[in-house]
Every structure is written in structure tokens, then in C-alpha cells.
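Structural features, examined
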Amino acid sequence: MYDINPIRADFPILGRTVYGKPLVYLDNGATTQKPRCVVEAITNEYYNTNANVHRGVHFLSQQATELHEASRETVRRFINARSTTEIVFTRGTTESINLLAATFCPSQMQAGDEVIVSTMEHHSNIVPWQLQAMQRGIVLRVIPMDDQGNLLQDEYERLFSPKTKLVSIAHVSNVLGTVNPVREMIRTAHAHGIPVLVDGAQSIPHMPVDVQALDADFYVFSGHKVYGPTGVGVLYGKEDWLDKLPPYQGGGEMIQHVSFERTTFNELPFKFEAGTPDYIGTTGLARALDYVSALGMDNIAAYEHELTQYALQRLGEIPGMRIFGRAKERGGVISFLVGNIHHFDLGTLLDRLGIAVRTGHHCAQPLMTRLGIEGTVRASFGLYNTREEVDALVAGIERVRKMF
Ligand code: PLP
């Protein structure tokens, strides 16, 4: 049962107006709104349980630590990791990928070794590898795609060489909505003995994810895109891999013993968590994961699929509409251009009608180059969006189109 009205009522911000118009929030790919229970969990911890974690003998510190570690268990359960030792808390997807690039490349790669990424990656899955390329001479190889937005699997297979050391790919494209066949792509990489990092920023909020079923070596995501707070995210890594990697940052928490002669490091996952963690953020994230779990990730996926199909059909009726991303397996991210209207103008005028969409290159400039465009308008759905909001978007676009 998916009852949209009580669900919407859980998100107070959806009831507000902008420019005197009801808010139609279609920028969920950038960040999602927060249900009341998440905000309350955060407030409650600040009011009642705030103390630094892992270091105090006192009551509050122990309670805060229990909450923080219970949140780690919630994340473990949500993605079906084997153990909480495999759940590293970070600031988000970007930091998770940077952590991996900064530890994997120096310890597992030499100059000339290769990382395979794809044409449709977000900058956060390109630039961290480029920084390593500048420092250590590692090389990026790029999986091409067809005009519908499918990665070319034959070309992918051909990219493997004795120099390949890692594959790093998005589960779902934040521009095209393509759901990449990551399970098969992981199988291919493993047949070559190569580990795979999956960027789950755009998949975690929209579908059930089981890291063991995928057999992903690393899986990363951001809390704020899955109805949790900003500033907290996750790096999942298989224990064998995390054990092999050196620490990321140095500081408190990540050590076992420090002396000026020799320092030893803490066990997993704390080896990668220097400094005071965002323990309030992890509480909010856990509450968000509980919230979507209670709705059911399968139910959310089915609801959003139906809404996306409706939106694709309605948008497709608009004269001059060009939708980018026609993969068979696609999520609720729809990028488009209409006639000669500049994406920025369309987005700005929609905003005046209360409709929040994203415009620009969506942090995927190489993909824009591949598509031969500078940017798009992007509508991206969340679990609370409705057909009426899709209708409002279509009516808004029609209105702008007539102005031009
Ligand atoms: N990867 C993808 C596919 C994304 O869509 C995003 C954000 O839009 C990111 C990575 C970066 O996420 P964050 O800014 O939360 O670190």
C-alpha cells in the first residue's frame, strides 16, 4: 500500500509556497527533502544525548556512542553488508570516492596502471582519479555509450588490460537516468580479477540495494539524497579490501597507539574515520533509512517507475521536446531541452511558477560533450512526487514555450 497523502504530510516543506505558488519540488537528484522524523531525531539527540562518541566513560557519551554504532548497523542492514566493519562513515559520495582514490591508488597502483570509468560519470567519479593521475601517472579509460544512454558492454570488455586495476561506475546516471547493469559489469571485472566501486548516489534512494548480491567491492552514497541530513555518507568496502588499504586522514579515533617513533592504526572501520564523526548526522541518516524501509524500497521503486513512465509520456507530447536518456532500464531522472529555449531560461521561468528543477551540466561535463550540448533542464523525482506535479511541470513548460 502506497498512500501518497500521508507520505507527503511527513515532509513539512512540501506544504510551502514559492512566489505565491505551491512548491513543486522536482530537484531530488540534487538533494531530497527531509521527513519530520529525521529532523526530530536530530533535534532530539542535540537536546537529550549530545556528547562526543567513543571517548567518554560518562553516561551521555556512552549513549551517543550506542546511537552512532546502532546507526552503522542500520546502514549495514539496509545494504546487506556482511559486517559493520565494512561500513565507513564519510561526508558523502564525494568524500567516499576521494577516500578510495587517495588510498587505493598509492597502495595498489603504479604509474601507467588504469582505472575504468564511464562516459556518464558525475565529476566526483572523474576528478578524484584525475588528481591521482596528476600525482602518480595513473590512466583513466572511459566506457563509451550509445545515443540512448546505454554503456557499450563490448567496448567495456575490450578496455581490460594487464594494467587495469579498478573499475569505478555509477549505478544510476544523474543525467540520463540510465540504470547500468552493474551486477553484470562487476561479474565481467571479477573475471579479470579486478575490483569495482559503484557510485550509488542516485540508486540508493530509489531501489533496493544488496551489496552482497551485486558482489560490489566498494559501494558509496550520500545521506542527503536518501532523505537524510547533509554532511554524512557511506563507503561500503569488502573487509578484505579495506584491510589492504592505508588510512585516509590522520588524527584522533583512527589510531591504536601513538608515539613519536611509531603509530599503529585502529581496526576497521575506525581506521578510516579520523576525528569526531558526524554522530548526529549518522542518527539522522539511520532514521531516514528506517523511514524508507518502512515504506518499502520495492514499493518506492514501483511507485516512482509508474510516475516516471507517466512523465515520459506527458513530456513526450510537448512539441520540440528532446529527452536525453532512453535506456530501457531507467530511473526517475529526466533531462530535456525544448526547441531553442535555453535550459537556464526554461528553469528560471519554471521557478517563477513554483517548479524547482535543475539546469546546467549537472556536474557531468564530459557527458554533455558526448551529447553535443551545454546543459539540460532536469526533473528528478522522489518518493513524494505526484502525477499532479508532473502535470504542473508539463503545463509550466507549455506556458514558457508559448512565451518564446
Ligand atoms: N555521484 C552522482 C551520480 C551524483 O548524482 C552525485 C550528486 O549529485 C554525486 C556523486 C556527488 O554527491 P555528493 O555531492 O552528495 O557528494
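This one's a predicted model, so the numbers in the text were calculated from it and none came from an experiment.

Rules used throughout
- Residues numbered from 1 in each chain as written.
- Predicted model: local features only at pLDDT ≥ 70, side-chain atom pairs only at ≥ 80, totals over all residues.
- Heavy atoms only, no water.
- Axes fitted to C-alpha atoms, helices over the stretch in contact; angles between N-to-C directions.
- Helix = DSSP H or I, 4+ residues; strand = E, 2+ residues; numbered from the N terminus.
- Parallel < 35°, antiparallel > 145°, perpendicular 65-115°, else oblique.
- Left-handed = near helix turned anticlockwise from the far one by under 90°.
- Contact = heavy atoms within 4.5 Å.
- Nonpolar A, V, L, I, M, F, W, Y, C, P; charged D, E, K, R; others polar.
- Pairing = 2+ DSSP bridges.

Focus on the packing of helix H12 (residues 343-352) against helix H14 (residues 387-403)
Contact pair H12 / H14: the axes reach a minimum separation of 10 Å and the direction vectors enclose 120°. When the axis of H12 is compared with that of H14, the two are oblique. With respect to the hand of their crossing, H12 and H14 are arranged in right-handed fashion. Residue-level inspection shows Leu 346, Leu 349 and Leu 350 of H12 in contact with H14, the latter providing Leu 393, Gly 396, Ile 397, Val 400 and Met 403. Looking at the contact of H12 with H14, its residues break down into seven nonpolar, one polar and no charged.

Considerations on unusual backbone geometry
One can expect most non-glycine residues to show negative phi and most peptide bonds to be in trans. In this structure, the amide linkage connecting Leu 268 to the following residue, Pro 269, adopts the cis form with an omega of 0°. Structurally, the position occupied by Pro 269 is in the loop between strand E12 (264-265) and helix H10 (279-295). Phi is positive for His 362, which is not a glycine, with a value near 55°. Phi at Cys 363 takes a positive value of approximately 55°, unusual for a residue other than glycine. Inspection of the secondary structure assignment puts Cys 363 in the loop between strand E16 (358-360) and helix H13 (365-371).

Points about the sheet that holds strand E7 (residues 164-170)
With mixed pairing, seven strands are arranged side by side in an open sheet as E4-E10-E9-E8-E7-E5-E6. Edge positions in the sheet fall to strand E4 (87-90) and strand E6 (139-143), since each of these pairs with one other strand and no more. Each strand of the sheet is rotated relative to its neighbour by a mean of 20°, with strand direction disregarded. The sheet strands contacting helix H3 (residues 59-79) are E4, strand E9 (218-222) and strand E10 (233-237), and the helix crosses E4 at an angle near 115°.

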